[in-house]
Amino acid sequence: MKINKYNSLVFALLFGFGLSSQAQTKQWTLEECVRYAIENNITIKLSELDVKNADIDKKDAFGNYLPSVNGNASHSWNIGLNQDVTTGLLRNQTTQYSSVGLNAGVDIYKGLQIQNTYRRAKLSIIASQYQLLKMQEDISLNVANAFLQILSYKEELKVKKEQLSIDEKRFKRSEEMVNAGTIPRGDLYDLKATIATDQQAITVSENNLLISKLSLAQLLQLKEFADFDVIDDTNAKDENNIMAQSPIDIYNKARETRTELKLAQTNLEIAEKNVAIAKGAYQPTLSGFYGFNTRASYSDKVVGVDANGDPILGGPDPVFQQFSDNKGHNFGFQLNVPIFNGFSVRNNVERNKVSLEKSKIDLEQKSLDLQRNVYTAFTNAKGALNTYESSTITLEARQQAYNYAKEKYDVGLMNSFDFTQAQTLLTNAQSDVIRTKYDYIFKIKILEFYFGIPIVPIITK
């Protein structure tokens, strides 16, 4: 017999969870799940590094205001036939030469490019912080959805187990009724099939619950997730009374608080600074410079001539005296005026203008998307509430119908097939209530999210 790979995986996971089910000591709350995900999610960690890089870029931009200072030193040997600098004669000698220098330069005016680069760097930090916050918010919503999915499967499993317990009790009661001759033995076979179906439904629900727990554990980046579980919280109330708000009020509040709009606005301001920086290349630049240098020679120098006309060599002057005697300074200003550069400056300006227009369109699109998302979320939440209330009313009616059918079945006025149908309708109604309840809770969370109410308060580092 072939074994399905998916079933094998589920069996392995069930086995792993089953081994440690006795060791469960902690049930996670929604707030704990969200905070843990924010602190450990890999994507968020990468975004935090982007914030640090933006801060480093800001320091680089500030450094453009400061002068550049560089020192240099060299020492060389020259061995062999060399021309004496004093007599002009060629002779074999070893010459050592040392030089020391210091150069400094500062940009005095550069078309305001330095100032605009620094302002852009500060905006880039803000943009990276908004990007980090948006990732945290997205992770919070994903965790909340996975958390509520677990609760939904938990309640569904509870209903299925209760139904199995009822059917097993009914089976025992039916055996007594069969022995007493009240109902036919064929009804007992129907109940056996019903119990088998209940057990199969429990297995499916257990698998769904297991997979949902595994999904949330992986979303949290948990290394040890065999005994992972969440705390039961089945409250389906609109605690913040968000449904009392109108869609336009929620949208207006979202325009003030939503991170994606703030990020798009900041990117627009960055694009404006890029245009200003590019235009700065049209203007002249003025810089100042200063240089200091000195040198010393270690070769013997000619101090006189003997009777035969040969040079009389003496030792070199003291090194520090040479450095003092040979020192020099140079300083001044340098003006560069751009005249023609193959249209590179103009093309760069035009390129950044195009990026600016794209940023404007992106901001407008983000605003339109937000408006559509808010109205859609409000409509979905309202529809989910109506569906939940309708399913609750349906459940009450199905429960009454089931109770009536049970009374008739117990006295032999209803056959097993009809009673099973009533029971199936009741089970479906119970499942619908569970599904619609958590669908309503999640849609309320989304609506609150747009209104500026976070899943849990996000603490920035």
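Residues numbered from 1 in each chain as written. Predicted model: local features only at pLDDT ≥ 70, side-chain atom pairs only at ≥ 80, totals over all residues. Heavy atoms only, no water.

Novice: Hey, could you run me through the overall build of the chain in this one?
Specialist: Within the chain one finds ten helices and six strands. Taking all 461 residues of the chain together, 36% fall into the buried category. Counting only contacts in the chain whose residues sit at least 6 apart along the sequence, the fraction spanning at least 24 positions is 83%. Accessible surface, the chain as shown: approximately 27300 Å² in total, 54% of it carbon and sulfur. (Helix = DSSP H or I, 4+ residues; strand = E, 2+ residues; numbered from the N terminus. Buried < 20%, exposed > 50% of the residue type's maximum accessible area, 1.4 Å probe, protein only. Contact = heavy atoms within 4.5 Å. Areas by Shrake-Rupley, 256 points an atom, 1.4 Å probe, with all protein chains shown as cover.)

Novice: Please clarify how the side chain of serine 391 should be interpreted in this entry.
Specialist: Its location among the elements puts serine 391 in helix 9 (residues 344–410). Residues contacting serine 391, with those up to four places away along its chain left out, are Asp432, Val433 and Thr436.

Novice: Would you mind going over the packing of helix 2 (residues 30–40) against helix 4 (residues 113–179) with me for this structure?
Specialist: Packed helix pairs are specified by the crossing angle of their axes together with the interaxial distance, meaning the distance between the axes. Relative orientation of the contacting elements helix 2 and helix 4 amounts to 140°, with a least axis distance of 9 Å. Considering the angle they form, helix 2 stands oblique to helix 4. Of the two possible hands of crossing, helix 2 and helix 4 adopt the one that is right-handed. On helix 4, the residues touching Leu30, Cys33, Val34, Ala37 and Ile38 of helix 2 are Gln136, Ile139, Ser140, Val143, Ala144 and Phe147. (Axes fitted to C-alpha atoms, helices over the stretch in contact; angles between N-to-C directions. Parallel < 35°, antiparallel > 145°, perpendicular 65-115°, else oblique. Left-handed = near helix turned anticlockwise from the far one by under 90°.)

Novice: Help me understand the packing of aromatic side chains, please; the structure alone is not making it clear to me.
Specialist: Here the distance between the centres and the angle between the planes together describe a pair of aromatic rings. Following the criterion strictly, the structure yields nine aromatic pairs and no others. An angle of 55° between the planes, with centres 6.1 Å apart, marks the rings of phenylalanine 62 and tyrosine 65 as tilted. Ring geometry for phenylalanine 62 versus tyrosine 118: centroids 5.9 Å apart, planes at 55°, classification tilted. Residue phenylalanine 62 is located in helix 3 (residues 42–63), and its partner tyrosine 118 is located in helix 4; the two are separated by 56 residues in the primary sequence. Under the relative-accessibility criterion, phenylalanine 62 is labelled partly exposed at 43%. You can call tyrosine 118 buried: its relative accessible area is 18%. Aromatic rings pair up to connect Trp28, Tyr36 and Phe228 into one cluster. Over the ring of phenylalanine 451 we find lysine 253; its NZ or CZ atom is 4.5 Å from the centre of that ring. (Phe/Tyr/Trp six-rings, centres within 6.5 Å; stacked < 30°, edge-to-face > 60°. Lys NZ or Arg CZ within 6 Å of the ring centre and 35° of its normal.)

Novice: Would you mind going over helix 3 with me for this structure?
Specialist: It helps to recall that an α-helix has 3.6 residues per turn; residues three or four apart then point in one direction. Taking 1.5 Å per residue, 22 residues should reach 32 Å; helix 3 reaches 32 Å between its end C-alpha atoms and fits that length. Among the residues of helix 3, Ile44, Ser47, Glu48, Val51, Ala54 and Ala61 are the ones counted as buried. All buried residues of helix 3 lie within an arc of 125° about the axis, which places them on one face of the element. More than 90 degrees from the buried face of helix 3, the exposed residues found are Ile42, Leu46, Lys52, Lys59 and Asp60. Buried positions along helix 3 lie against helix 2 and helix 4. Here helix 3 starts with a cap whose side-chain oxygen sits 2.9 Å from the backbone nitrogen of threonine 43, and that cap is asparagine 41. (Expected span 1.5 Å × (residues − 1). Arc of directions from axis to C-beta. Polar contact = N/O pair within 3.5 Å; in protein donor to acceptor, adjacent residues only side chain to side chain.)

Novice: Just checking my understanding: could you explain the environment of glutamine 131 for this structure?
Specialist: When you line up the elements, glutamine 131 lands in helix 4. Glutamine 131 sits 84 residues away from serine 47 along the chain, and the two C-alpha atoms are 7.3 Å apart. Setting aside residues up to four positions removed in sequence, glutamine 131 forms contacts with Ser47 and Leu263.

Novice: Is there a simple way to explain unusual backbone geometry in this structure?
Specialist: Trans is the prevailing form of peptide bonds, just as negative phi is the prevailing case for residues other than glycine. For leucine 112, which is not glycine, the phi torsion reads 60° and is therefore positive. Tracing the chain through its elements places leucine 112 in the loop between strand 2 (90–109) and helix 4. Positive phi values are uncommon outside glycine, yet glutamine 221 reaches one of about 65°. Tracing the chain through its elements places glutamine 221 in the loop between helix 5 (185–219) and helix 6 (247–257). Its relative accessible area of 31% is what places glutamine 221 among the partly exposed residues.

Novice: Just to check I follow, could you spell out the pattern of salt bridges for this structure?
Specialist: On inspection of all chains with the given rule, the structure shows 14 salt bridges. Residue lysine 366 is joined to aspartate 362 by a salt bridge in which the shortest nitrogen-to-oxygen separation is 2.9 Å. On the criterion of helical spacing, the pair formed by lysine 366 and aspartate 362 is a turn pair, its members being four residues apart in helix 9. Exposure remark for lysine 366: the relative accessible area of 27% places this residue in the partly exposed category. Residue classification places aspartate 362 among the partly exposed residues on the basis of a relative accessible area of 30%. Residues lysine 443 and aspartate 439 are paired through a salt bridge, measuring 2.6 Å at the closest nitrogen-oxygen approach. (Salt bridge = Lys/Arg side-chain N within 4 Å of Asp/Glu carboxyl O.)

Novice: Explain the nonpolar core to me, please; I cannot follow it from the model alone.
Specialist: In a soluble, globular protein the nonpolar side chains are often hidden away together inside. Residues Cys33, Val143, Leu216, Leu220 and Phe228 are the most contacted members of the largest nonpolar core, which totals 77 residues. Among the secondary structure elements, those contributing two or more residues to this core are helix 2, helix 3, helix 4, helix 5, helix 6, helix 7 (259–280), helix 9 and helix 10 (416–450). Considering every element that reaches this core, the biggest residue donor is helix 4, with 16 residues. Not counting chain neighbours up to four residues away, the residues in contact with leucine 216 comprise Cys33, Val143, Ala146, Phe147, Ile150, Phe228 and Val230. (Core = buried A, V, L, I, M, F, W, Y, C linked by side-chain atoms within 4.5 Å.)

Novice: Hey, could you run me through the side chain of lysine 160 in this one?
Specialist: As for its placement among the helices and strands, lysine 160 is situated in helix 4. Judged by its relative accessible area of 14%, lysine 160 is buried. With sequence-adjacent residues up to four places away left out, lysine 160 is seen in contact with Ala201, Ile202, Ser205, Thr427 and Ser431.

Novice: Looking at this model, I keep getting lost on a nonpolar patch on the surface. Mind explaining?
Specialist: Together, Val106, Ile108, Tyr109, Leu112 and Phe333 give the surface a local cluster of nonpolar side chains, amounting to about 470 Å² of exposed area. Looking at the nonpolar patch element by element, the count peaks at three residues for strand 2. Note that phenylalanine 333 resides in strand 6 (residues 328–336). (Patch = residues over 30% accessible without salt bridge, like charges linked within 9 Å, V, L, I, M, F, W, Y side chains within 5 Å.)

Novice: What's the story with the confidence of the model for the chain in this structure? I'm lost.
Specialist: Detailed conclusions should not be drawn from predicted coordinates in areas where pLDDT is low. Chain-level pLDDT for the chain is 84 on average; 85% of the residues reach the 70-or-more range. For the chain, helix 1 (residues 5–20) is the element with the lowest average pLDDT, namely 44, and helix 7 is the one with the highest, namely 95. Confidence drops under a pLDDT of 50 for residues 1–24, and excluding neighbours within four residues, the segment shows 20 contacts in the predicted structure. (pLDDT = per-residue confidence, 0-100.)

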